[in-house]
Amino acid sequence: MTFKTLTAASAAALIIGAGTAMADTWRYAFEEALDEVQGVFAQKFKEEIEANSDHEVQLFPFGTLGESDNILEQTQAGILQFVNQSPGFTGALIPEAQVFFVPYLLPEDEDQLVRFFRESETINRIFPELYADQGLELLTMYPEGEVMLTTDRPVTSPADLNDVKVRVMTNPLLVSSYQAFGATPTPLPWGEVYGGLQTGIIDGQENPAFFIESTRMYEVTDHITRLGHNNFTTALMANKDFFDGLSEEDQTLIRNATEAAFDHIIEYQQGLTEESLDKIREAKPSITITTLTEEQRAPFRETAGTVEETFLEIGGPRAQEVLDQMKADLEAAAE
């Protein structure tokens, strides 16, 4: 595998860390800022590890070591011990993980959603095997919040997305999903999104409300639409050789810290979406925030079957197994 060159600053940070740290210093990178959801999760994980062992966890927020693909590659290479990353970026490596971008698959009900992530056979049995094949130990997956669409125009139907360039992660199924919605999906690195919205290179993007608020995306958009189509999913992974080489005691330590961080982030997110939307309204009173009715969502929901078919075509050799098991898991969570 070819790994992208680190920036000079990033490489220097790692060299310094390597030169001064003992063997019990673990490096953990994630895709968001320290005060955003992944950062809050990471801080709780670090707190648990350091409170229950002599190990130290160094945290590297977004941008410290490059873009999302950089930190995944660094974890596979063993430069990092842990990485928190969305299946949106691991989808090319683990095509079955793209299942999280089938629209209207995950429930809107928060209790059902949390039960699914806790108890899912897909997450706890199938995905660990798939991630292991890529040198990664899947420790957990968790939701980050309802995904919302920001655009420069109102959206109440798929027709409103005609010729609208929506920024998407470099994920084939997410591209297919927005094509099915009628939009023009446009892959773009996250660091270029704000400027892209300012200059008209793109017309919109999707993210949870907390991220739209914290990254000030509302400054360069006029409309936020709640399609109800998805919840942003992310995953904590470890380098598998590193994890397998640990003592049973340290493996248990990591799993316990992961569980504590999962519980913490679920509690942290209670009310976070509405709080973030209130902050956006306060910062920009002119913005329009629209929750589509069930009738308005119907034509968007109708695209789910087409996207499922695409997933079965491009989602890897275990795509059917993953989709079937995931639907069974979701049914169980709804009971």
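That block above? That's the structure.
Residues numbered from 1 in each chain as written. Predicted model: local features only at pLDDT ≥ 70, side-chain atom pairs only at ≥ 80, totals over all residues. Heavy atoms only, no water.

Novice: Tell me about the overall build of the chain, and name the residues and values.
Specialist: Each helix and strand counted, the chain has 15 helices and 10 strands in total. Compactness check: the chain gives a C-alpha radius of gyration of 20 Å against a globular reference of 20 Å for 335 residues, within 12% of the reference. Referenced to the eigenvectors of the C-alpha coordinate spread, the extents of the chain come out at roughly 55 × 40 × 40 Å. For the chain, with 335 residues in total, the buried portion stands at 55%. (Helix = DSSP H or I, 4+ residues; strand = E, 2+ residues; numbered from the N terminus. Rg over C-alpha atoms; globule rule 2.2 N^0.38 Å. Buried < 20%, exposed > 50% of the residue type's maximum accessible area, 1.4 Å probe, protein only.)

Novice: If you had to explain the pairing of strand E9 (residues 231–239) to someone new, which residues and values would you point to?
Specialist: Burial analysis of E9 places 9 of its 9 residues in the buried class, the great majority of the element. Judged by which residues are buried, E9 turns out to be covered on both faces: Asn231, Thr233, Ala235, Met237 and Asn239 on one side and Phe232, Thr234, Leu236 and Ala238 on the other are all buried. Sheet topology note: the strand E3 (residues 82–85)/E9 ladder contains 4 bridges and is antiparallel. Its bridge partner being in E9, valine 83 is matched across the sheet by methionine 237. Direction of pairing for strand E4 (residues 136–151) relative to E9: antiparallel, over a ladder of 9 bridges. Residue pairing in the sheet places proline 143 in a bridge with threonine 233 of E9. (Pairing = 2+ DSSP bridges.)

Novice: How would you sum up the pairing of strand E2 (residues 56–60)? Please name residues and give values.
Specialist: Pairing analysis gives 5 bridges linking strand E1 (residues 25–30) to E2, with the strands arranged parallel. Bridge assignment links alanine 29 to a residue of E2, and that residue is phenylalanine 60. The β-α-β motif built from E1, the intervening helix H2 (residues 37–51) and the parallel element E2 has right-handed crossover chirality. (Right-handed = clockwise from strand over helix to strand, strands pointing away.)

Novice: Explain the environment of proline 187 to me, and be specific about the residues and the numbers.
Specialist: For proline 187, the position within the fold is in strand E6 (residues 184–187). Sequence-wise, proline 187 and isoleucine 202 are 15 residues apart; in three dimensions their C-alpha atoms are separated by 9.7 Å.

Novice: Can you tell me about the nonpolar core, naming the residues and giving the values?
Specialist: Ranked by size, the top nonpolar core spans 100 residues in total, and within it Phe45, Phe82, Phe100, Phe127 and Ile254 carry the most contacts. Of the residues forming this core, the biggest block, 8 residues, is contributed by E4. Excluding residues that lie within four positions of it along the chain, phenylalanine 127 makes contacts with Glu96, Ala97, Val99, Phe100, Thr122, Leu138, Met141 and Val322. (Core = buried A, V, L, I, M, F, W, Y, C linked by side-chain atoms within 4.5 Å. Contact = heavy atoms within 4.5 Å.)

Novice: Tell me what's going on with the packing of helix H5 (residues 110–119) against helix H11 (residues 248–268), and back it up with residues and numbers.
Specialist: Look at H5 against H11: their axes get within 12 Å of each other, and the N-to-C directions meet at 170°. In terms of orientation, H5 and H11 fall into the roughly antiparallel class. Contacts from Val114, Phe117 and Arg118 in H5 reach Phe262, Asp263 and Ile266 in H11. Broken down by class, the residue content of the contact of H5 with H11 amounts to 4 nonpolar, no polar and 2 charged. (Axes fitted to C-alpha atoms, helices over the stretch in contact; angles between N-to-C directions. Parallel < 35°, antiparallel > 145°, perpendicular 65-115°, else oblique. Nonpolar A, V, L, I, M, F, W, Y, C, P; charged D, E, K, R; others polar.)

Novice: How would you summarise the packing of aromatic side chains if you had to cite specific residues and measurements?
Specialist: A complete count under the given rule lists 16 aromatic pairs for this structure. Judged by centre distance (6.0 Å) and plane angle (70°), the ring pair of phenylalanine 210 and phenylalanine 211 falls under edge-to-face. Within the aromatic cluster, the residues linked to one another by ring pairs are Trp26, Tyr28, Phe30, Phe45, Phe82 and Phe242. (Phe/Tyr/Trp six-rings, centres within 6.5 Å; stacked < 30°, edge-to-face > 60°.)

Worth remembering: the numbers are spatial, not functional.
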